Number of protein chains: 2
Amino acid sequence: MLSTEQILEVMSGQGLRITDQRKTLAKLFGENKGYLSAKDVYEHMGRKYSGLSFDTVYRNLRVMEELGVLEQIVFEDGVKFKGSCNHQDHHHHMICLQCEKTYPINFCPMNLTDTPDQFRVVKHKFEVFGYCKECEENREEELVAAANHKKGV
Amino acid sequence: MLSTEQILEVMSGQGLRITDQRKTLAKLFGENKGYLSAKDVYEHMGRKYSGLSFDTVYRNLRVMEELGVLEQIVFEDGVKFKGSCNHQDHHHHMICLQCEKTYPINFCPMNLTDTPDQFRVVKHKFEVFGYCKECEENREEELVAAANHKKGV
DNA sequence: GTTTCTGCAAATCGTTTGCAAAGCT
DNA sequence: AGCTTTGCAAACGATTTGCAGAAAC
């Protein structure tokens, strides 16, 4: 993962101006492991900048994605962003459906996949979804609480 | 793949009425191996039905997806549909970036993936993108043509 | 001082909805 | 006939744009 400072360095290195909004964005993605939607980002930033507009968020997310400091993924419920893994080695991710944090998978199925010469492979996607330990524990607690409630406890 | 007739059977079996529009939709997905966007579908159908509305297309695509006769995938450039594979065994797809036809991969990387007990896996996605033989040949022809053009041939 | 960035408002895109008329069984 | 489906128009949410003023270099 790129740090807050690294993100800012890349941006200023490309001649982009470092505004307060961009500092906050860099910090947000430098410290957060999970995926955030544009709305999430807007809400996070809205705390610091009362007069913040949605389009500034969108514009900066796009710029940062084009620069490569952010990774963009299309989920079923929309587009989300996270800081780039400064990926020297190719890898995949397990993604928690609850908190949307990601965990690396150091295994690429592509090496093992039979690709007939009738098909020229360009790229591939391997994503595993589920629940991480923390979220799983919270879920269990909730289920127990719900069950107790049902029993009238 | 479900045939045109099978699609219609499922639909009427669920009490849905078989309208001309739906017959055309069933035929389209019964005979087409690739992914189609709502717009693609609208344009295909527009040839037969001059007074066709977009929302009818959307409504029917959703109904058919809920019924399970269509599969829906979110691509980078939007939602697309294709007729369901009715084969019961789990598999993945190679998808041609040009024609968007799909080819089955009879291999699931999930079996080989180390899933630490810290993570409860719910679902996974494995998709391979590239160019199928046909499209690849067309591409080559184009490249050759372009090269010749450049040389002034 | 020049260029880039921001906020506003308005535009656009893809998709969904309410409703009256038309179509299927 | 009775219910479903259609087309229209209008609404909707997410994202993008043009523009004038503000901020960074």
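Conventions used here
- Residues numbered from 1 in each chain as written.
- Chains lettered and ligands numbered in written order.
- Predicted model: local features only at pLDDT ≥ 70, side-chain atom pairs only at ≥ 80, totals over all residues.
- Heavy atoms only, no water.
- UniProt positions renumbered as here; feature names shortened; annotations may be inferred.
- Patch = residues over 30% accessible without salt bridge, like charges linked within 9 Å, V, L, I, M, F, W, Y side chains within 5 Å.
- Areas by Shrake-Rupley, 256 points an atom, 1.4 Å probe, with all protein chains shown as cover.
- Salt bridge = Lys/Arg side-chain N within 4 Å of Asp/Glu carboxyl O.
- Lys, Arg positive; Asp, Glu negative; His and termini not counted.
- Charge placed at Lys NZ, Arg CZ, Asp CG, Glu CD.
- Helix = DSSP H or I, 4+ residues; strand = E, 2+ residues; numbered from the N terminus.
- Buried < 20%, exposed > 50% of the residue type's maximum accessible area, 1.4 Å probe, protein only.
- Least-squares fit on C-alpha atoms with pLDDT ≥ 70 in both.
- Contact = heavy atoms within 4.5 Å.
- Pairing = 2+ DSSP bridges.
- Axes fitted to C-alpha atoms, helices over the stretch in contact; angles between N-to-C directions.
- Domains from an automatic or database assignment.
- Buried area = accessible area lost by both parts, 1.4 Å probe.

Chain A is annotated in an unreviewed UniProt entry as Transcriptional repressor of Paenibacillus odorifer. According to its UniProt record, chain A has this under Subcellular location (unreviewed entry): "Cytoplasm".

Colleague: Hey, could you run me through a negative patch on the surface in this one?
Modeller: All names here are of chain A. Judged by side-chain charge, E134, E137, E140, E141 and E142 come together as a negatively charged surface patch. Looking at the element boundaries, E140 is found in helix 5 (residues 133–151). Residue E140 is classed as partly exposed on the basis of its relative accessible area of 46%.

Colleague: When you look at the relation of the copies chain B and chain A in this model, what are you seeing that I'm missing?
Modeller: Think of it as a corkscrew move, a rotation about one axis and a shift along it, taking one chain copy to the other. Least-squares fitting of chain B to chain A yields an RMSD of 0.3 Å, with the superposition described by an axial translation of 0.1 Å and a rotation of 179°. Taken together, the rotation and translation relating the two chain copies correspond to the operation of a two-fold axis. The rotation axis passes nearest to the C-alpha of B:F126 in chain B, at a distance of 2.1 Å. A high fraction, 100%, of the interface residues of chain B reappear at the interface in chain A, so the copies pair face to face through one surface.

Colleague: Hey, could you run me through the sheet that holds strand 1 (residues 36–37) of chain A in this one?
Modeller: Pairing between sheet strands relies on hydrogen bonds along the backbone, with the strands arranged either parallel or antiparallel. All names here are of chain A. Read across the open sheet, the three strands follow the order 1-3-2; overall the sheet is antiparallel. With one partner strand each, in any of the chains shown, strand 1 and strand 2 (70–75) form the two edges of the open sheet. Alignment of strand 1 against strand 3 (residues 78–83), held across two bridges, turns out to be antiparallel. Paired with S37 across the strands is K80, a residue of strand 3. Running at roughly 110° to strand 2, helix 4 (residues 54–67) makes contact with strand 2 and strand 3 of the sheet.

Colleague: I tried to follow the domain arrangement of chain A on my own but got confused; where do I start?
Modeller: Often the size quoted for an interface is simply the accessible area lost on bringing the parts together. Residues and elements named next belong to chain A. One can read the domain layout of chain A as domain 1 (4–83) and domain 2 (92–151). Contacts between the two partners involve eight residues from domain 1, matched on the other side by seven residues from domain 2. Counting each side, the surface lost to burial between domain 1 and domain 2 is near 650 Å², with a carbon and sulfur contribution of 56%. Contact with domain 2 buries surface across domain 1, with K33, Y35 and F75 losing the most and accounting together for 57% of the total.

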